[in-house]
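Overview (structure and organization)
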Amino acid sequence: MKQKLQAWWQGLSLRERRAIGVMAIVVALVLLWQAGIAMPLSSLRETARQQQQAQAEWDQVQTLRAQALALRARSTNTNAPTAAISSEAILQTLQTATAASGDTRAQVNETAPGNYNVRFDNVSPEALATWLQTVRQQAHLLPQNADLQRVNGNLGTWRGSITLVGN
C-alpha cells in the first residue's frame, strides 16, 4: 500500500504535488481553527452569557429578599398593620434595589430620618424605572427631587441623584 502511494505521488507533476500540499495545509489550518480556537472561543462566550444570567438571577433573589425583609418588618408590629418600616429595613431595601439596577458605583445615603439620597453613575432608563417602582412598593418611598443627565449624550445610560422621602 505504501509503495503504491509513493508510486502515485512520484507519478504526479510538481505542480500537482504543490497543489495537494497547499490543500493539505489549508485543511490542517481549518481543523486547527475549529478544534483549537473556535470551540474554546464559543465556550468563553457561552460562559459570559451564563454569568450574566446568573447575576440577573442573583439580583432577583436580592430583590425578593428585600421584599421579605420589608414584609417581616411590617408583620413584627401586629397592632398596626400599616406601621412604618424600620429605617434599617428601608436602607436594606434601597441598597438591594440599587444593586439590582446594575450600577455597581451607585451610592445610597440616609440624609435625615426618612430621607434618602441615591446617586447613580451609570444606569439604564429601564433599570431606573424598575428601581423606582421597587422603591415605591417595598420601601414606601417617593422621589422628592431628581437630577439626572445622560452619560456623554448616550440615550442608554444616565447619571445623577434622586432624593427620596417616606410617604
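Residues numbered from 1 in each chain as written. Predicted model: local features only at pLDDT ≥ 70, side-chain atom pairs only at ≥ 80, totals over all residues. Heavy atoms only, no water.

1. Notes on the environment of Leu-164
- Counting through the fold element by element, Leu-164 comes out in strand 4 (residues 154-166).
- Judged by relative accessible area, which is 0%, Leu-164 ranks as buried.
- Measuring from C-alpha to C-alpha, the distance between Leu-164 and Glu-110 comes to 9.4 Å, with 54 residues separating the pair along the chain.
- Once residues lying within four places of it in the same chain are set aside, the contact partners of Leu-164 are Leu-94, Gly-114, Asn-115, Tyr-116, Val-118, Trp-131, Val-135, Leu-141, Leu-142, Pro-143 and Gln-144. (Helix = DSSP H or I, 4+ residues; strand = E, 2+ residues; numbered from the N terminus. Buried < 20%, exposed > 50% of the residue type's maximum accessible area, 1.4 Å probe, protein only. Contact = heavy atoms within 4.5 Å.)

2. With respect to unusual backbone geometry
- Phi angles above zero are rare outside glycine, and His-140 is one such case at about 55°.
- On the secondary structure map, His-140 appears in the loop between helix 4 (125-139) and strand 3 (141-151).
- A relative accessible area of 25% means that His-140 is categorised as partly exposed.

3. Some words on the packing of aromatic side chains
- Tallying each qualifying case throughout the model produces 2 aromatic pairs.
- Where Trp-8 meets Trp-9, the ring centres are 6.4 Å apart and the plane angle is 55°; that geometry is what we call tilted.
- Geometrically, the ring pair formed by Phe-120 and Trp-131 is edge-to-face, given 5.0 Å between the ring centres and 90° between the ring planes. Highlighted residues: Phe-120 in strand 2 (residues 115-123) and Trp-131 in helix 4, separated in sequence by 11 residues.
- Accessibility expressed as a relative area gives 0% for Phe-120, which makes it buried.
- A relative accessible area of 2% means that Trp-131 is categorised as buried. (Phe/Tyr/Trp six-rings, centres within 6.5 Å; stacked < 30°, edge-to-face > 60°.)

4. Some remarks on the side chain of Thr-134
- The residue Thr-134 is located in helix 4 in this model.
- Contact partners of Thr-134, with chain neighbours within four places excluded, come to Thr-63, Ala-97 and Ala-139.

5. Details of the pattern of salt bridges
- If you walk through the whole model with that rule in mind, you get 3 salt bridges.
- One salt bridge in this structure joins Asp-121 and Arg-105, with 3.0 Å as the shortest N-O distance. In this pair, Asp-121 is assigned in strand 2 and Arg-105 in the loop between helix 3 (87-100) and strand 1 (107-112), connecting sequence segments 16 residues apart.
- Given the relative accessible area of 53%, Arg-105 is considered exposed.
- Judged by relative accessible area, which is 21%, Asp-121 ranks as partly exposed.
- Three or more residues joined by partner-sharing salt bridges are found here, namely Arg-105, Asp-121 and Arg-159. (Salt bridge = Lys/Arg side-chain N within 4 Å of Asp/Glu carboxyl O.)

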